[in-house]
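What follows is the residue order along each chain.
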Amino acid sequence: MSEQIKIGALRETVAGERRITMTPDIAKRYQALGAELLLEIGIGTTTFLADDAFPLEHFAASGREVLQQADIVLKVQAPSADELSAMKDGAVLIGLLQPYTDIERVRMLQAKNITAFSLELLPRITRAQGMDILSSQGAIAGYQCVLIAADHCPKFFPMLTYAGGTIRPARALVIGAGIAGLQAIATAKRLGAIVEAYDVRPETREQIESLGAKFVDTSVSAVGAGGYARELTDDEKRQQAEKLGRAVAQCDVLITTAAIPGKRAPEIISSEMVAAMKPGAVIVDMAAETGGNVAGTVAGEKALTDNQVLIIGPTNIASRMPVHASEMLAKNLFNFISPFIKEGVLTLDWQDETLADSCLTHAGEVRHGGVKQALGL
């Protein structure tokens, strides 16, 4: 592209989505690079920002107008078929595109010759940390899951001394010590709970203990590629379940955060483990949208088991805190694309690892090998 690029941002159409991809501060930074901005009227409504907070004189009347004119489209959620149809052929699309979930969307990206960058595919390297949307939004989700649990727990989280004596603190167990899990541990500790945590990657023990939590050791290691955990064998799952089950039975609050990119979330907490929990215990399954870590989790719903354990399957968790979530997300997107904008012109450097590895489609082809394999393309 040799002309001044137009960067478009619009309101999200997915039900319950309150995050946006552009904030006033980030808009100024794009303009400083020479880019022209095209924002939908009312884009900041869900984050309590009026249009006059943005450094623009004119706004697009609708999201469709943004899609029809923008050279680069920034999205939170993957675009719908209608939104993709409205986009310019050959445009650039950047966001959380859920690359493994919808083969028809990928085919449509190919047909429209769209260069799509799915930031779920971003390589786990030091240089990419400032672009890592999964980490920034995961931190919010971990924080929120603890607040959801505290809101439903029939006990105080902290130890409480009152005129009649002392109330013991609640016991919280966090499964998974990625960004979300570590934030959940830290938040539960700040609220005063006794916190234990478990991860199949033994190297997380030091991180867990540095936050003041106790590491639950099951003697199972599942170190995988790219900083993620690999899938466990059947024998490893049995060993894990036996030792983990004891910790689960003792906790008042259980928060699960385990995920495998591009695959269904692993079921770590069986129905037998849930049945052995205390009446009144609360489970918040952060992985509900991808199948759940807990037997009995239903995405978007709460369920009370026969033994009076409450299982909560929250969805779109980061959107519960749209102001800070949007600030973090907008910075991630800017950090990703801004190195390739010079004097208002976009020049993609395919030798750049962050760019090449996160590319889903380009020039009518699916560029990501993992997605190709997963979707059978």
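Everything that follows concerns the structure shown earlier in this document.
Residues numbered from 1 in each chain as written. Predicted model: local features only at pLDDT ≥ 70, side-chain atom pairs only at ≥ 80, totals over all residues. Heavy atoms only, no water.

Student: Quick question: what am I supposed to make of the overall build of the chain here?
Tutor: Secondary structure assignment for the chain yields 12 helices and 18 strands. Projecting the C-alpha coordinates of the chain onto the three principal axes gives extents of approximately 70 × 50 × 35 Å. Expressed as a percentage of the 377 residues in the chain, the buried residues total 51%. Across the chain, contacts joining residues at least 24 apart in sequence account for 63% of those joining residues at least 6 apart. (Helix = DSSP H or I, 4+ residues; strand = E, 2+ residues; numbered from the N terminus. Buried < 20%, exposed > 50% of the residue type's maximum accessible area, 1.4 Å probe, protein only. Contact = heavy atoms within 4.5 Å.)

Student: Would you take a moment to explain the sheet that holds strand β12 (residues 282-285) for this structure?
Tutor: In a beta sheet, neighbouring strands pair by backbone hydrogen bonds and run either parallel or antiparallel. On the basis of which strands lie adjacent, the open sheet formed by seven strands has the order β10-β9-β8-β11-β12-β14-β13 and mixed pairing. Strands at the two margins of the open sheet, each flanked by one partner only, are β10 (214-215) and β13 (302-304). Along the sheet, helix α8 (residues 234-250) contacts β8 (171-175), β9 (194-198) and β11 (253-256); its crossing angle with β8, the most-contacted strand, is approximately 150°. (Pairing = 2+ DSSP bridges. Axes fitted to C-alpha atoms, helices over the stretch in contact; angles between N-to-C directions.)

Student: Teacher, can you tell me more about the nonpolar core here?
Tutor: Of all hydrophobic cores here, the largest spans 38 residues; its most connected members are Ile-7, Met-22, Tyr-30, Ile-72, Ile-94, Phe-336 and Ile-337. Elements supplying a minimum of two residues to this core: β1 (6-9), α1 (24-32), β2 (36-39), β3 (72-75), β4 (92-95) and α10 (322-337). Here this core gets six residues from one element, more than from any other, and that element is α10. When sequence neighbours within four positions are dropped, the list of residues in contact with Ile-94 reads Ile-72, Val-73, Leu-74, Lys-75, Phe-117, Leu-119, Leu-333, Phe-336 and Ile-337. With 30 residues, the next largest nonpolar core counts Ala-177, Ala-188, Ala-197 and Val-282 among its residues. (Core = buried A, V, L, I, M, F, W, Y, C linked by side-chain atoms within 4.5 Å.)

Student: Where do I start with α1 in this structure?
Tutor: Residues Pro-24, Ile-26, Ala-27 and Tyr-30 constitute the buried set of α1. Viewed along the axis of α1, the buried residues span an arc of 160°, placing them on a single side of the element. For α1, exposure combined with an orientation more than 90 degrees from the buried face picks out Asp-25 and Ala-32. One or two residues past the end of α1 sits Gly-34, with phi positive at roughly 95°. (Arc of directions from axis to C-beta.)

Student: Whenever I open this one, the environment of Leu-33 confuses me. Can you help?
Tutor: Inspection of the secondary structure assignment puts Leu-33 in the loop between α1 and β2. The partly exposed category is assigned to Leu-33, whose relative accessible area is 22%. Residues contacting Leu-33, with those up to four places away along its chain left out, are Phe-334, Ser-338, Ile-341, Lys-342, Glu-343 and Gly-344.

Student: Explanation requested: the pattern of salt bridges in the structure shown.
Tutor: A pair can form between side chains of opposite charge whenever their charged atoms are brought close. Counted under the stated rule, the structure contains 17 salt bridges. Residue Arg-107 pairs with Glu-104 through a salt bridge whose shortest N-O separation is 3.1 Å. Taken together, the residues span about one helical turn, with Arg-107 and Glu-104 both in helix α4 (residues 103-111) at a distance of three residues. A residue is classified by how much of its surface remains accessible, and Glu-104, at 49% relative accessible area, is partly exposed. The residue Asp-252 makes a salt bridge to Lys-155 at a minimum N-O spacing of 2.8 Å. Of this pair, Asp-252 sits in the loop between α8 and β11 while Lys-155 sits in the loop between α5 (133-152) and β6 (160-162), placing them 97 residues apart in sequence. Taking relative accessible area as the criterion, Lys-155 reaches 42% and is therefore assigned partly exposed. Connected through salt bridges with shared partners, the residues Glu-12, Lys-75 and Glu-83 form a single ionic network. (Salt bridge = Lys/Arg side-chain N within 4 Å of Asp/Glu carboxyl O.)

Student: Can you help me understand α10 in this one?
Tutor: Residues three or four positions apart in an α-helix share a direction because the helix packs 3.6 residues into each turn. In this model, α10 (16 residues) spans 22 Å end to end at C-alpha, consistent with the 22 Å of a helix rising 1.5 Å per residue. Within α10, burial applies to Pro-322, Ala-325, Ser-326, Leu-329, Ala-330, Asn-332, Leu-333, Phe-334, Phe-336 and Ile-337. (Expected span 1.5 Å × (residues − 1).)

Student: What is the right way to read a nonpolar patch on the surface from this model?
Tutor: A contiguous nonpolar patch, built from Phe-156, Leu-160, Tyr-162 and Ile-167 and spanning about 350 Å² of accessible area, is present on the exposed surface. Among the structural elements, Tyr-162 can be located in strand β6. (Patch = residues over 30% accessible without salt bridge, like charges linked within 9 Å, V, L, I, M, F, W, Y side chains within 5 Å. Areas by Shrake-Rupley, 256 points an atom, 1.4 Å probe, with all protein chains shown as cover.)

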